[in-house]
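# Notes for the structure review
Below, each chain spelled out in residue letters.
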Amino acid sequence: MRPDTPLRSTHKDLRIVTWNCHRGPLAPKRARLEALLPTFAAIQECPRPDVAEESFLWHGTSPRQGIGVSVGPGYSVELAPLRDAPTYNLPVHVRGPQSFFALVNWSQKSSLYVEGIHRAIEVYRDLIEA
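Since this is a predicted model, take the numbers as computed values, not measurements. (Residues numbered from 1 in each chain as written. Predicted model: local features only at pLDDT ≥ 70, side-chain atom pairs only at ≥ 80, totals over all residues. Heavy atoms only, no water.)

## A few points about helix H2 (residues 114–123)
- Restricting attention to buried positions, one finds in H2 the residues Gly116, Ala120 and Val123. One side of H2 holds all its buried residues, which, seen down the axis, span an arc of 65°. Turned more than 90 degrees away from the buried face of H2 sit Glu115 and His118, all of them exposed.
- In this structure, the buried side of H2 is in contact with strand S6 (89–95), strand S7 (100–105) and helix H3 (125–129). (Buried < 20%, exposed > 50% of the residue type's maximum accessible area, 1.4 Å probe, protein only. Helix = DSSP H or I, 4+ residues; strand = E, 2+ residues; numbered from the N terminus. Arc of directions from axis to C-beta. Contact = heavy atoms within 4.5 Å.)

Structural data, given as structure tokens:
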């Protein structure tokens, strides 16, 4: 495929993207993400959107940066109940042609990076295994 050929996906494709948008306004950067045609996108360091969107979930402790989760057409995303895991480990259920559970992570120094991920996996193990 040539680099300038648009990506095409079918209903059978599941395209997962994770992206640290490095703070700042999301709107001017969003076209780059959308060009990848993600079914599911985890966006770290994402500001809280100004307007709520049905296909976008945001979670954070500061409106300037948190975790965003975006889903493509035909999909919905819902936050699973939060448990005693490091703050930026977000459990979500994605519903659509291919439903799944995802544990979205934004590692931070305050959660000791790898140790924080290990802790979140243990806390949400039952949802991951299901």
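## Quick notes on the sheet that holds S6
- The 3 strands lie next to each other as S5-S6-S7, forming an open sheet whose pairing is antiparallel. Edge positions in the sheet fall to strand S5 (76–79) and S7, since each of these pairs with one other strand and no more. When the angles between neighbouring strand axes are averaged without regard to direction, this sheet yields 30°.
- As defined by bridge partners, S5 adjoins S6 across 4 bridges and the pair is classed as antiparallel. (Pairing = 2+ DSSP bridges. Axes fitted to C-alpha atoms, helices over the stretch in contact; angles between N-to-C directions.)

## Comments concerning the packing of aromatic side chains
- Going through the model one piece at a time under the given rule, you end up with 2 aromatic pairs.
- When the ring of Phe40 is compared with that of Phe100, the centres are 5.5 Å apart and the planes differ by 75°; the resulting orientation is edge-to-face. Pair noted here: Phe40 is in strand S2 (residues 40–46) and Phe100 is in strand S7, with a separation of 60 residues, a long-range link. Across the pair, exposure class does not vary: Phe40 and Phe100 are buried alike. (Phe/Tyr/Trp six-rings, centres within 6.5 Å; stacked < 30°, edge-to-face > 60°.)

## Regarding the pairing of S7
- In the sheet, S6 pairs with S7 via 6 bridges, with the strands oriented antiparallel. Within S7, the position partnered with Val94 by the bridge is Phe100.

## Structural notes on the sheet that holds strand S1 (residues 16–20)
- A sheet is described by the order of its strands in space; here 4 strands give the open sequence S1-S2-S4-S3, paired in mixed fashion. A strand with exactly one partner marks an edge of an open sheet, and here the two such strands are S1 and strand S3 (56–62). Here the average twist between neighbouring strands, direction ignored, is 10°.
- Across 5 bridges, S3 lies against strand S4 (residues 65–71) in antiparallel orientation. Pairing of Ser62 across the sheet is with Gln65, part of S4.
- Packing against the sheet, helix H1 (residues 27–34) makes contact with S1, S2, S3 and S4, and its axis sits at approximately 150° to S1.

## Describing the pairing of S2
- Judged by how many residues are buried, S2 sits mostly within the fold: 7 of 7 residues are covered.
- As paired strands, S1 and S2 are joined by 5 bridges and run parallel to one another. Counted as the bridge partner of Asn20 is Gln44 from S2.
- The parallel pair S1 and S2 is bridged by H1, and the resulting crossover is right-handed.
- Sheet topology places S2 next to S4; 6 bridges connect them, and they run antiparallel. Residue pairing in the sheet places Phe40 in a bridge with Val71 of S4. (Right-handed = clockwise from strand over helix to strand, strands pointing away.)

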